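# Working through the structure, step by step
Spelled out from the first residue to the last, the chains are:
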Amino acid sequence: MRGKYRDIQEKVFDYFNANPQLQTPLEISKDNHRELCMNQLLGLVREAGIRPLHYVVHDPAKYFAILEAVGSVDMSLGIKMGVQYSLWGGSVINLGTQKHKDKYYDGIDNLDFPGCFAMTELHHGSNVQGLQTVATFDPITDEFIVDTPNDGAIKWWIGNAAVHGKFATVFARLKLPNYDAKGISDMGVHAFIVPIRDMKTHQTLPGIEIHDCGHKVGLNGVDNGALRFRSVRIPRDNLLNRFGDVSRDGQYTSTLPSVNKRFGATLGELVGGRVGLAYSSVSVLKVASTIAIRYSLIRQQFGPPNQPEVTILDYQSHQHKLMPMLASTYAFHFATTNLVEKYAQMKMSHDEELVADVHALSAGLKAYVTSYTAKSLSVCREACGGHGYAAVNRFGSLRNDHDIFQTFEGDNTVLLQQVAADLLKQYQRKFKGGTLAATWNYLRDSMNTYLSQPNPVTARWEGGDHLRDPKFQLDAFRYRTSRLLHSVAVRLQKHSKPLGQFGAWNRCLNHLLTLAESHIESVILAKFIEAVQSCPDPSAQAALKLVCDLYALDRIWNDIGTYRNVDYVAPNKAKAIHKLSEYLSFQVRNIAKELVDAFDLPDHVTRAPIAKQSGAYSQYTQYVGFE
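Residues numbered from 1 in each chain as written. Predicted model: local features only at pLDDT ≥ 70, side-chain atom pairs only at ≥ 80, totals over all residues. Heavy atoms only, no water.

The subject of this paragraph is the overall build of the chain. Of regular secondary structure, the chain possesses 22 helices and 13 strands. In terms of C-alpha radius of gyration, the chain reaches 26 Å, essentially the compact-globule figure of 25 Å for 627 residues. Projected onto its principal axes, the C-alpha positions of the chain cover 90 × 70 × 40 Å. With 627 residues in all, the chain has 56% of them scored as buried. In the chain, 67 positive and 62 negative side-chain charges are present, and the distance between their average locations comes to 5 Å. (Helix = DSSP H or I, 4+ residues; strand = E, 2+ residues; numbered from the N terminus. Rg over C-alpha atoms; globule rule 2.2 N^0.38 Å. Buried < 20%, exposed > 50% of the residue type's maximum accessible area, 1.4 Å probe, protein only. Lys, Arg positive; Asp, Glu negative; His and termini not counted. Charge placed at Lys NZ, Arg CZ, Asp CG, Glu CD.)

Structure (structure tokens):
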């Protein structure tokens with residue numbers, strides 16, 4: 001499952017195995033955890049010789065593989081690495097020009113320049129265009145003056161700010177003086193490099209106020225801080241000027257014609273954060289699935305009279321909890337791996353169609369996968385009973401640390417709306433004869449088919465070969481998406497006249513979110529089917545086909561009401577889908593050990609006594625003090 005980047009991931013795992021003092025203790029204070037994370041990061045960079053920024057620039061897929069391995073050991077460390085290299089480093093590399101790379105690259109790479117990504121404000125998170133921090137150009141001194149105009153504009157939740165950061169990429173409204181009646185021009189949100197601490201003494205610099213955001217639900221190895229700026233002066237060169245520049249005499253130039261175009265290009269270069277979160281969320285799901293399934297294979301409870309007790313994974317109810325989740329983990333693995341590959345291609349080619357594809361996929365997969373993982377972590381905890389509640393078995397820390405994945409780098413509800421909006425644009429292009437981006441190709445080819453009345457004969461087919469046919473499965477997913485898309489387009493048109501565009505959108509919002517989720521499920525299934533069909537090993541292909549069928553049929557059954565309401569699935573076929581999905585769960589149970597072993601997570605990475613591959617109970621008793 002680790003593919004061509006297995007070597008670099010094993011290098012990460014081996015480093016932590018050789019340095020057990022760098023593994024997160026269970027009971028640790030917030031401040032100690034922060035220093036532990038920084039020491040871990042320093043060790044990886046300076047002792048293990050891993051250079052994340054090099055991979056951010058030259059091999060993004062390898063960078064995400066490192067991030068997955070690091071996050072499997074400690075999610076706080078994974079986020080801290082992401083802040084340093086994806087966000088702070090990525091903003092300098094992607095939004096700056098050569099002068100910025102020459103000045104900052106080496107220091108970011110070797111951790112001499114620890115930094116922050118100061119976008120979110122107290123009053124504004126998702127609405128980045130509404131940010132209020134200002135950077136006003138002073139033509140007399142050739143400087144920008146960075147100010148926090150009110151408490152709502154305080155930069156909030158800024159990782160690396162509270163303790164370790166020496167620089168921040170600050171997103172602020174660029175304001176230029178002019179000599180007309182207005183007196184000043186607002187050029188929209190731009191990014192600026194602002195030093196926040198002295199390089200030698202580490203003291204906060206004049207005009208900058210930093211406070212700790214306090215203890216959090218999780219990720220307390222990350223030092224989130226709040227920043228306020230009071231007339232902080234920075235050189236004009238500190239504007240990250242790839243998409244817009246200011247000359248010595250205060251003239252603004254850009255190759256992009258409008259504020260909206262510049263804003264879109266700026267945020268477009270930062271999409272890697274969403275790609276990383278989607279990919280990392282799957283790694284969290286792998287860890288949790290491994291712990292829950294390995295424990296379920298050794299834990300015995302009850303059984304037939306006068307016979308040995310059976311493992312809890314032999315119970316149908318337990319299979320129903322864990323096997324579809326395991327199938328989803330595999331589905332998400334292939335979908336997010338494909339997303340990472342597309343992202344790497346996008347960074348090399350800058351192809352406009354690929355850029356649009358990655359933006360849509362990263363928003364949708366980040367939202368869908370992180371929400372699913374958050375729910376699954378609770379399922380895993382409950383599946384392990386009381387022992388799942390022990391902190392040493394990690395479900396609590398995994399759940400708490402992962403919880404924020406649903407709202408940072410874009411709130412999931414907002415991201416799903418972006419997916420729905422893109423779908424509607426593609427829908428309009430379809431009926432205007434335009435071309436469609438790659439993610440939406442099935443709409444171009446099949447919309448008329450999917451919107452036609454269901455075939456009453458096909459609706460009653462219930463044979464196993466038919467239900468396990470990938471064409472039936474994918475058609476069912478796409479049929480649902482196409483109907484949702486068509487019906488919401490009609491509803492929006494109907495409500496736009498009396499309510500206006502915003503009011504109509506709000507009236508249809510739940511419909512739009514369901515549409516986006518349906519589309520993302522279709523994309524995930526399509527990538528899973530491709531992975532099965534391209535698998536070169538016959539036995540592995542058979543196992544993957546089994547898992548893929550379970551993923552597809554479980555999803556159809558979970559939304560069977562939709563299919564029944566439009567007569568896409570007759571009652572007898574619905575019963576057959578349910579029956580087959582239960583049988584597939586039983587079959588997947590028989591290879592569950594091999595499926596989680598394929599995640600290739602060593603015991604020193606999972607670190608849960610109940611998930612040890614040998615001597616689980618002895619490890620557990622030793623932990624609490626028995627000899």
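Where nonpolar side chains cluster on the molecular surface, the patch consists of Leu26, Tyr623, Val624 and Phe626 and spans about 430 Å² of accessible area. Take Val624: it is sitting in helix 22 (residues 616–624). (Patch = residues over 30% accessible without salt bridge, like charges linked within 9 Å, V, L, I, M, F, W, Y side chains within 5 Å. Areas by Shrake-Rupley, 256 points an atom, 1.4 Å probe, with all protein chains shown as cover. Salt bridge = Lys/Arg side-chain N within 4 Å of Asp/Glu carboxyl O.)

Here we come to the pattern of salt bridges. As enumerated under the stated definition, the model contains 32 salt bridges in all. Across the pair Lys471 and Asp475 runs a salt bridge, and its minimum N-O distance is 2.7 Å. Placement of both Lys471 and Asp475 in helix 15 (residues 470–507) is noted, with a separation of 4 residues, approximately one turn of the helix. The exposure class assigned to Lys471 is exposed, which follows from its relative accessible area of 55%. For Lys593, the salt bridge identified is with Asp597, shortest N-O distance 2.7 Å. Pair noted here: Lys593 and Asp597 are both in helix 20 (residues 592–597), with a separation of 4 residues, about one helical turn. Under the relative-accessibility criterion, Asp597 is labelled partly exposed at 26%.

With that out of the way, let us pick up the state of the cysteines. Tallying each qualifying case throughout the model produces 0 disulfides. For the unlinked cysteine Cys380, the closest cysteine sulfur is that of Cys384, found at 6.9 Å. By relative accessible area, which is 0% here, Cys380 ends up buried. (Disulfide = S-S within 2.5 Å.)

It is worth spelling out the nonpolar core at this point. Of all hydrophobic cores here, the largest spans 148 residues; its most connected members are Leu44, Tyr85, Leu326 and Phe528. Here the element with the most residues in this core is helix 9 (residues 316–349); it accounts for 14 residues. If we skip the residues at most four places from it in the chain, Phe528 touches Ala327, Tyr330, Ala331, Phe334, Leu544, Val547, Cys548 and Tyr551. Phe137, Phe192, Val232 and Val246 belong to the second largest nonpolar core, which has 26 residues in total. (Core = buried A, V, L, I, M, F, W, Y, C linked by side-chain atoms within 4.5 Å. Contact = heavy atoms within 4.5 Å.)

Look at helix 17 (residues 538–558): 30 Å from first C-alpha to last across 21 residues, which is about the 30 Å you get at 1.5 Å a residue. When we look at burial in helix 17, the residues that qualify are Leu544, Leu546, Val547, Cys548, Asp549, Leu550, Tyr551, Ala552, Leu553, Asp554, Arg555 and Ile556. (Expected span 1.5 Å × (residues − 1).)

Taken as a whole, the chain is organised into domain 1 (5–110), domain 2 (115–260) and domain 3 (271–603). Taking the mean C-alpha position of each, domain 1 and domain 3 sit 29 Å from one another. Each partner contributes residues to the interface: domain 1 has 16 residues there, and domain 3 has 26 residues. Buried area between domain 1 and domain 3, both sides added, is near 1700 Å², and the carbon and sulfur share of it is 67%. The largest share of the area that domain 1 buries against domain 3 comes from Phe64, Glu68 and Met75, three residues that together contribute 38% of it. Connecting domain 1 to domain 3 are 2 salt bridges. (Domains from an automatic or database assignment. Buried area = accessible area lost by both parts, 1.4 Å probe.)

This part covers the UniProt feature "binding site: FAD" (unreviewed entry) in the chain. Following the UniProt record, the feature "binding site: FAD" (unreviewed entry) maps to Thr120 and Gly159 here. In terms of the greatest pairwise C-alpha distance, the residues named above, spread along 40 residues, form a tight cluster of at most 10.5 Å across. By the secondary structure assignment, Thr120 is in the loop between strand 1 (115–118) and strand 2 (134–138). On the basis of relative accessible area, Thr120 is assigned to the partly exposed category, the value being 28%. With near-sequence residues (within four places) excluded, Thr120 lies in contact with Gly125, Ile154, Lys155, Trp156 and Ile158. By the secondary structure assignment, Gly159 is in the loop between strand 4 (155–158) and strand 5 (167–177). Under the relative-accessibility criterion, Gly159 is labelled buried at 9%. Gly159 has contacts with Val83, Gly115, Cys116, Val222, Asp223 and Asn224, leaving out every residue within four places of it along the chain. (UniProt positions renumbered as here; feature names shortened; annotations may be inferred.)

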